[in-house]
Structure formats: structure tokens, C-alpha cells
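# Understanding the architecture of this molecule
Here is how the chains run, residue by residue.
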Amino acid sequence: MSFDTDEETELILESLDEFVAREVEPIVEELGDVYTNPRKGRRENGRWTDELLEAREEIRRKSAEAGFYAMNLPEEAGGDGISPVTWYRAKKHLATHGGGLERYALAGPEGPKPLLLQAEGEQREKYLEPVVRGEKSTAFGQTEPGVGSDSPNMETTAEKSEAQRASERSGAAAERDGDEWVLNGRKQWITNAPYADFVQLFARTTPQEEAGRYGGITCFIVEEDEYELGSYNNAVGAVGSQAEIVLDGVRVPEDRVLGEVDEAFYAAMDFLSLGRLELGAEAIGYSEYLLEAATDYVTEREAFGEPIGNFQQVSTKIAEGKAKTYAADAAGLKLAWKMAQDERTVMDASILKWFATNVLWEVADAAVQVHGANGLAEENPYMDLVHQARILRIVEGTDEIQLNTIAKSMGITD
Ligand SMILES: Cc1cc2nc3c(=O)[nH]c(=O)nc-3n(C[C@H](O)[C@H](O)[C@H](O)COP(=O)(O)OP(=O)(O)OC[C@H]3O[C@@H](n4cnc5c(N)ncnc54)[C@H](O)[C@@H]3O)c2cc1C
């Protein structure tokens, strides 16, 4: 393994910077405080204004046209098949811009994930390909009011419709037209639920007693006009991005099953490392951005007749952040490299996710502190990144769940 950035990756990173300057910055400038002031860019319930949504969609579409958006997916799915190492570097690099609208230039929770690569036949044309092209967006629906970390205990169910059961009882092969699943339950905190064209939604199809803890769960493609949107789940730092999905007898045809019936949880587990790699990359990129901003500030700002960076209590905060960010980046590269070799990465992914997001939390706090009152100012990005750090430590497996996974991988617990 080499720690050097190869020529192809170098070119991608440079082109991404050019894309941000050419396509994203003018949009941000035009939006003005609709973008920078959350009170102006959101409706009363938290929903993003149309202007903001259009801006996000435009960035996504243009990035897909330029070949960036889903370049980590295989070529047969419309991506570029770049390695996890290059994807890691690209995600991290984009985050060093500071976490603005440019983040939509590379597929996130609203974009295509490997789970969607299970799409077959018409599903590919209708769902996978438009998402890869940035024309449609999606969401991943797992969390419920009663379960988050313990997601296999989900209460949302999907049952075959009466018509289908009757046709199966009569021994006739179920007619495709007559095949339906009926979904009941409630999801919450689903990123992009208010704006997605369809959700990849998890429901229990066979009871745990029969299928085991991780078996018996199926992923369904549910279109946006088929589910009811409940309340917005407005997290500090992500207002308007998450919402509830209410499923009250929602009927979907058999061909909306994504992947195998009863196997969705195993399929999702196969892709956990990628999600953790992406979040780790994002956290490290933000940390690098903050360290640079803090360094600039403390070398210019003066107190007691000298730059505040001369005070050891100030410089140490930044130096510690630098050392930890450096170590987190090494962990990120190692995980990406192991993924590229198709090695087992369960523990590496948890180490990166836990460490990188906690480093960001410390670095963001330090960045606020060394900026004094300016660190708290709404127009500065520092508190936003404190909120992002807090979010990143909870989504896709909390700190505690990552540490549980590490302890389990070490053979301490089972
Ligand atoms: C901004 C945001 C975006 C999100 N996007 C999505 C999305 O797109 N799709 C989706 O499905 N979900 C999404 N979520 C939900 C997220 O995945 C869950 O919040 C997360 O998994 C934790 O679940 P929970 O909130 O129910 O907490 P709980 O599981 O109730 O945990 C509460 C606390 O108990 C601790 N805990 C629980 N079990 C253990 C244990 N075994 N050992 C030690 N400690 C434990 C947890 O670590 C946590 O500190 C999102 C959440 C947020 C905030």
C-alpha cells in the first residue's frame, strides 16, 4: 500500500475543486442568506424552501453529468468503478471545503448505495439508474420510534395480500399482477424522506422466532406518493432533512422487493463498512478544514500584545487536533485499502467511525474556543460543525455501538 495520492486521484481532487468553484460557489452566492441563515432557508415545519431544494438538485445533477456524483459505483451501474481509496480521498477532500452545499456533489444518504445495486430488471431502469444520474433521490428507512440501534427488533411488517395468499393456497403460481405486499408501521429520522422519489424501506416479513434475529427482514422500494410523511424530525444542525414515514396498509407489488425476501438485513450488513468509511472521511475533512481556519486565526489575532497562537494553551489545542486528525486519516486509508482488497473490515470500520467522529467533535470544540466569541457567531461555520460532529457520532451506529463491535471483534464479548 502506498500513502501517496496517485495521478488519477490527484486529477479527480483538482477537478472536484474546479467543479465547486465553477458550479457550486455561484449558486451559494446567488442564494445569499437563504443558504447561510437556516431561518430563511426553511419553512415553519423545517422543510427546505424550493430555492434551496432546487440548488441541491442542480448540484447533484451537474456533478453526475461531470462524472463525480456516484463514481464509486461499478461501471455497469453507471459509475466509474473508482477504488474505495480514491472514493475515501474524494469524500474527505470535498469535506475540506467546510460542509456547505458542495457536499451534494458526491452521493450521500440521498444517493445510490450498494444496497440499490441489487436492483434487477426494470428496477434498474426505474430506480437505480436515475439515482446514479442524479435525477432522482432516495432514502434508507430503517429506524423506528421504538428501535434505532436495535434495528432487527423493528415493528414494521410486510405481509402478502389476501389475494396472493389465496392464489398460493389454491396451488396456482401467484400472478405477478395479483402479487402484493401490505406494509404497516412507522419509520422516523429518515434522511431525505421529505424529498425522496422513493425509499428503500425495511420491514419484517418473517417473525424472529422463525427466521432468527437478523433473518426475516425484507427491503421494499416504496415510492413517495405511496407513503405518508409524518412529522419532520428536526435535529439541530440538520433541520428539514429527516422525517417520519407512516405506512398504514401501503400496498406494493412483488417487483418492489429489492434483493431477496427475508435477506435484507444481511445485505445491508455487507455494506456497513462503506457507510462508515464515508462518514469517517467526512469527519476528517471537516477537521482539516477547522484546523486550517484555527491556525490562520490564532496566528493573526492578537491579545496581550502578541498573536494568541503564542499562548501554549491555544497552540496545544490545535496541535492535539492535528495529531488526532492525522491518525484518523491513517485509519481511514487503511480501511479503504482493506476494502479494496476485499478483506474483512468490520472492526476497522468501527474504529474509523468512532475515532474520526470523536476527533471532529474535539477539533470543532477547539475551533470554537480559539475563535472566542467569533467562534459562536452564526455567520461562521464553527458551531455548525460542532453540530455535525454530534450528528456523526449518532448516525449509522452510535459511539457505543461501534465500541461494542470492536469489543466483539476482539473476542471480549459475544
Ligand atoms: C441526523 C440523523 C439522520 C438519520 N438518518 C437516518 C436514516 O437515513 N435512516 C435510518 O434508518 N435512520 C436514520 N437515523 C437514525 C439513527 O440511525 C439512529 O438515531 C441511531 O441508530 C441510534 O438509534 P436511536 O436514536 O434510536 O438511539 P437508541 O438505540 O435508543 O440508543 C440510545 C442510547 O443508548 C445507547 N445504546 C443502545 N444500545 C446499546 C448497547 N447495546 N450498548 C451500549 N449502548 C447502547 C446508544 O449508543 C445511545 O447512546 C438518523 C438519525 C439522525 C440523528
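No experiment lies behind these values; they were computed from the predicted model shown.

### Describing the domain arrangement of the protein
Taken domain by domain, the protein consists of domain 1 (7-107), domain 2 (118-267) and domain 3 (271-409). Domain 1 and domain 2 are separated by 27 Å when their C-alpha centres are compared. Residue-level contacts link 17 residues of domain 1 with twelve residues of domain 2. Of all the elements, helix α4 (residues 50-65) adds the most residues to the side of domain 1 that touches domain 2, at five residues. Split by residue class, the side of domain 1 that touches domain 2 holds eight nonpolar, five polar and four charged.

### Some remarks on α4
Between its first and last C-alpha, α4 extends 22 Å over 16 residues, near the 22 Å set by a 1.5 Å rise per residue. Buried within α4 we find Leu52, Ala55, Ile59, Arg60, Ser63 and Ala64. End-on, the buried residues of α4 take up no more than an arc of 165°, which puts them together on one face. Away from its buried face by more than 90 degrees, α4 exposes Asp50 and Glu65. At its buried positions, α4 is contacted by α1 (7-31), α2 (33-36), α3 (38-41) and α6 (122-132). In the segment just after α4, Gly67 is the residue with positive phi, at about 90°.

What counts and what doesn't
- Residues numbered from 1 in each chain as written.
- Predicted model: local features only at pLDDT ≥ 70, side-chain atom pairs only at ≥ 80, totals over all residues.
- Domains from an automatic or database assignment.
- Contact = placed C-beta atoms within 7 Å.
- Helix = DSSP H or I, 4+ residues; strand = E, 2+ residues; numbered from the N terminus.
- Nonpolar A, V, L, I, M, F, W, Y, C, P; charged D, E, K, R; others polar.
- Expected span 1.5 Å × (residues − 1).
- Buried ≥ 20, exposed ≤ 12 C-beta atoms within 10 Å, placed from the backbone.
- Arc of directions from axis to C-beta.

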